[in-house]
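Here is how the chains run, residue by residue.
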Amino acid sequence: MAKNLVIVESPAKAKTIEKILGKDFEVKSCFGHIRDLEKDDMGIDIQNSFKPKYIIPEDKEKVVKELKKIAKDSDEVWLATDEDREGEAISWHLCEVLNLDPATTKRIVFHEITKPAIEKAVLNPRLLNMDLVNAQQARRILDRIVGFELSPVLWRKMSMRNSLSAGRVQSVAVRLIVEREREINGFTTTSSFKVEAFFLAKDIAGKTITFKAEGPTKFKTAEDAEKFLQQCVGAAYTVKDIQVKPGKKSPSAPFTTSTLQQEASRKLGYSVSKTMLLAQKLYESGNITYMRTDSVNLSETAMTDISNAIHKNYGERYYQSRKYKNKNENAQEAHEAIRPTYMENASVDDADLKRLYELIWKRTIASQMSDAELEKTIAKIEISTNKEDLTASGEVLKFDGFLKIYMEGQDDEDEGEEDQEGVLPPLAVKQVLEMKEMKATERYTRPAPRYTEASLVKKLEELGIGRPSTYAPTITTVQKRGYVEKRDKEGVKRDVRILFLKNDQISKQTDQENTGAEKSKLFPTDLGMLVTDFLKQYFEKVMDYSFTANIEQQFDEIAHGKKVWNIMLHEFYDPFHHTVEETLEKAERVKGERPLGEDPTSGKPVVARMGRFGPMVQIGKVEDEEKPRFAKLKQTQSIETITMEEAMDLFRLPRNLGLFEGTDVLVNIGRFGPYAQHDKKFYSLKKEMDPYSVELEEVAPLIAEKRTAKDERTIKVFEKEKIQVLKGPYGPYLKVGLKNYKIPKEKIDTAADITVEEAKAIIEELKANPPKKKAPARKKKAE
């Protein structure tokens, strides 16, 4: 048995560190958190200064048992969990569970898994930082209070199902998405006309090229634009003035957690959670420094390595030493920025990790490279007939600098701020130019774009809401709860008017443009909107952006020893709990209904509302003698925006497509999506099949295909009991309705001979003793 036990969070990290430390050390993983708050009574003794009540989850009992045994047999235990608040809290929990004395147990930290960093940490151990532990405890307890006290309010006042829940950061994130959606829905599009003139001139090689100049203003109407073009008939165009200005572009700072998430989304199309998963693997394999950080600092060692790499690969002119300052004054802990551990490694072998690693490497190298040097030329071109000026501008890259390897991506919000400019031909003052054509093109104003995961992270960070470890779980949680959906939106065709002036003749034409198309954007669901409105009405403070940011600042104060954690919780809890009790007593139940009009056939009211399985349209009332009719909204429709016409169109389902093999084929939408019904059997429609327009010729082959596939996997059927014995990818199983039951190993080979009594016995046994779910390899960290 090794004399020293080192406990880390991840098994992958454990293997790497054990190789570095050698035979005197045994490195074991605690697989993340080993304790959590009890579920009963919130797991918090509120009357006793918010004392937490912790338990060891069932899936961690084996891990704890093993660590206790090894710790008992070791001379010394070293705690090497991550150096952030959560890592510090895990170390404290290990002290509590393994009966280690926090006053003497050695705590070691490192930001990179390299031999020098690990050996330096072992030579410089510290003790547990209880301020960091208490900051993490305060966050966990406060979030548990908000979740446990708000969720029952939602169940009683608005839920059709007891699965609604609320969270401090998550609810505010949903509010941002809801408000952006309503801003888009309420946006009034206006059009204007942009004038562009195209001139011919010779370039430095004497070749005639076309370059563009923009008009003096945007015109509000087609009439105004046409009047301007009319004034240009017969005009001469002369270069009035030329200005040449030097310019430069500077590189961005090295990556923090949030900027990595944003850039990986823009450049690689990764979700926030995928980026963090890959970054975790890169860290644990020793390829990058710690991936949860607010810092843009680089160590002196890193700066030297980067300088060497730039001088070796690009030359002295490309190097410029820079120190970046953090915009966030409360940046957590003194970490480095995210950077490669070894700058000489420009890539990694692992195919899954390669793209993210190379992005980090390029960003880090670029941060210490020279500015890109530009030369911008602005030419003013006078129109002889109306003395207005056109403006032509061009940009020449004189020295690429950091752009040689890296250019930061842009969000939708930033697009259009810096138009890509071409290069102008050589021009001279008083030079008369030949105009090829002038056109005035109709342009429409656009609302702010919906959030992507990356732009939502950026907004949360700007508002001071959340911290590096919270962004990924927050975005995942709001989608899991059904408050937000990530999806694409198809564009719609729109007419665009264009006026041309060519050879002193004015002509007009109408083109079409595709507008409103979006990819991988965050859309609020009707449920998300309803919950947001309710919480804003009754829990204004919890939903307030500045209040939520202020809570984060108070956690920072606890981490720096400037505030007592349970006093901070007391200040929050008293007014919050009072609001909860008042809301439960006085608030009316939320219906989530929007009247649309009257059914022209029956005269009954038509409303869009939330139902048990989502948003729907209802004709008639529950108390009516005749049962109301219901239709589920399409994914692209919302209670807030659906029109009466669109609502009535939903009642075209179910549609009878005609006869197939002598039996009617009906299409409809059910709880699990669009389906076809034929001969008392149901078949899910393909994604591209719209139940409102699909025809029999498309559905009939689908039924035949699925029926054949089903026949091939059917071993036997007990019709009366509605029990099926089916073949699955992992062997035969029983199916009753939507539930599956595994057949015991000893009966797998004779599944075809199973009797109905044996099938019933298997089902009853599994109902009474359901199989235990496999424990996850590691519980993900989430503050």
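Residues numbered from 1 in each chain as written. Predicted model: local features only at pLDDT ≥ 70, side-chain atom pairs only at ≥ 80, totals over all residues. Heavy atoms only, no water.

Right, let's talk about the overall build of the protein for a bit. A count of helical and extended segments in the protein gives 20 helices and 30 strands. With the C-alpha coordinates aligned to their principal axes, the bounding extent of the protein is approximately 95 × 80 × 60 Å. Expressed as a percentage of the 783 residues in the protein, the buried residues total 47%. For the protein, restricting intrachain contacts to residue pairs at least 6 apart in sequence, the fraction spanning at least 24 positions comes to 69%. In the protein, the 130 positive side-chain charges and the 129 negative ones have mean positions that sit 2 Å from each other. (Helix = DSSP H or I, 4+ residues; strand = E, 2+ residues; numbered from the N terminus. Buried < 20%, exposed > 50% of the residue type's maximum accessible area, 1.4 Å probe, protein only. Contact = heavy atoms within 4.5 Å. Lys, Arg positive; Asp, Glu negative; His and termini not counted. Charge placed at Lys NZ, Arg CZ, Asp CG, Glu CD.)

Now for the sheet that holds strand β27 (residues 714-718). Pairing is antiparallel in the open sheet, where four strands are placed in the order β27-β28-β29-β30. On the outer flanks of this sheet lie β27 and β30 (739-742), each paired with one strand and no other. Sheet twist, expressed as the average angle between the axes of neighbouring strands with direction ignored, equals 25 degrees. Taken together, the four bridges between strand β29 (residues 731-736) and β30 define a ladder with antiparallel strand orientation. Bridge pairing links Val736 to Lys739 in β30. Helix α20 (residues 756-768) contacts β27, β28 (723-728), β29 and β30 of the sheet and is inclined by roughly 100 degrees relative to β30. (Pairing = 2+ DSSP bridges. Axes fitted to C-alpha atoms, helices over the stretch in contact; angles between N-to-C directions.)

Once that is clear, we can look at the packing of helix α6 (residues 168-185) against helix α12 (residues 453-463). Packed helices, taken two at a time, are described by the angle their axes make and the gap between the axes. As a packed pair, α6 and α12 sit with axes 11 Å apart at the nearest point and diverge in direction by 115 degrees. The hand of the α6/α12 crossing is right-handed. From α6, Ala173, Leu176 and Ile177 reach across to α12, where they touch Leu456, Lys459, Leu460 and Leu463. Here the residues of the contact of α6 with α12 are counted per class, giving six nonpolar, no polar and one charged. (Left-handed = near helix turned anticlockwise from the far one by under 90°. Nonpolar A, V, L, I, M, F, W, Y, C, P; charged D, E, K, R; others polar.)

Relative orientation of the contacting elements helix α8 (residues 257-268) and helix α9 (residues 272-284) amounts to 115 degrees, with a least axis distance of 9 Å. The two elements α8 and α9 meet at a crossing, and its hand is right-handed. Two secondary-structure elements touch here, α8 through Thr257, Leu260, Gln261 and Ala264 and α9 through Val272, Thr275, Met276 and Ala279. For the contact of α8 with α9, the per-class residue count stands at five nonpolar, three polar and no charged.

Turning our eyes to something else, we now look at the nonpolar core. In terms of nonpolar packing, the biggest core is built from 152 residues, with Phe110 and Leu356 touching the most fellow members. Element by element, the count of residues in this core is highest for helix α5 (residues 130-157), at 11 residues. If near-sequence neighbours (up to four positions away) are discounted, Phe110 is found in contact with Ile17, Ala80, Ala117, Ile118, Ala121 and Tyr283. Grouped together as the second largest cluster of nonpolar side chains are 28 residues, Tyr237, Val239, Ala392 and Met438 included. (Core = buried A, V, L, I, M, F, W, Y, C linked by side-chain atoms within 4.5 Å.)

Here we take up the pairing of strand β17 (residues 505-515). Relative to β17, strand β16 (residues 492-502) runs antiparallel, the two being bridged by 11 bridges. In the strand pairing of β17, Phe500 is matched with Ser507. What sits between β16 and β17 in their antiparallel hairpin is a turn of two residues, with Asn503 showing a positive phi close to 55 degrees.

Before going further, it helps to spend a moment on the confidence of the model for the protein. Of the residues in the protein, 95% reach a pLDDT of 70 or more, and the chain-wide mean stands at 90. Below a pLDDT of 50 lies the segment residues 775-783, which in the model reaches 33 contacts outside its immediate sequence neighbourhood of four places, other chains included. (pLDDT = per-residue confidence, 0-100.)

Here we come to the pattern of salt bridges. Applying the stated rule across the entire model yields 46 salt bridges. Across the pair Asp371 and Arg322 runs a salt bridge whose closest N-O atoms are separated by 2.6 Å. Taken together, the positions of Asp371 in the loop between α11 (351-366) and β12 (372-383) and Arg322 in the loop between α10 (300-313) and α11 put the pair 49 residues apart, joining distant regions of the chain. Given the relative accessible area of 10%, Asp371 is considered buried. Residue Arg322 is classed as buried on the basis of its relative accessible area of 14%. Residue Glu453 pairs with Lys486 through a salt bridge whose shortest N-O separation is 3.2 Å. Of the two residues, Glu453 sits in helix α12 while Lys486 sits in strand β15 (residues 484-489), which places them 33 residues apart along the sequence. One salt-bridge network, in which partners are shared between bridges, spans Arg139, Asp143, Arg168 and Glu552. (Salt bridge = Lys/Arg side-chain N within 4 Å of Asp/Glu carboxyl O.)

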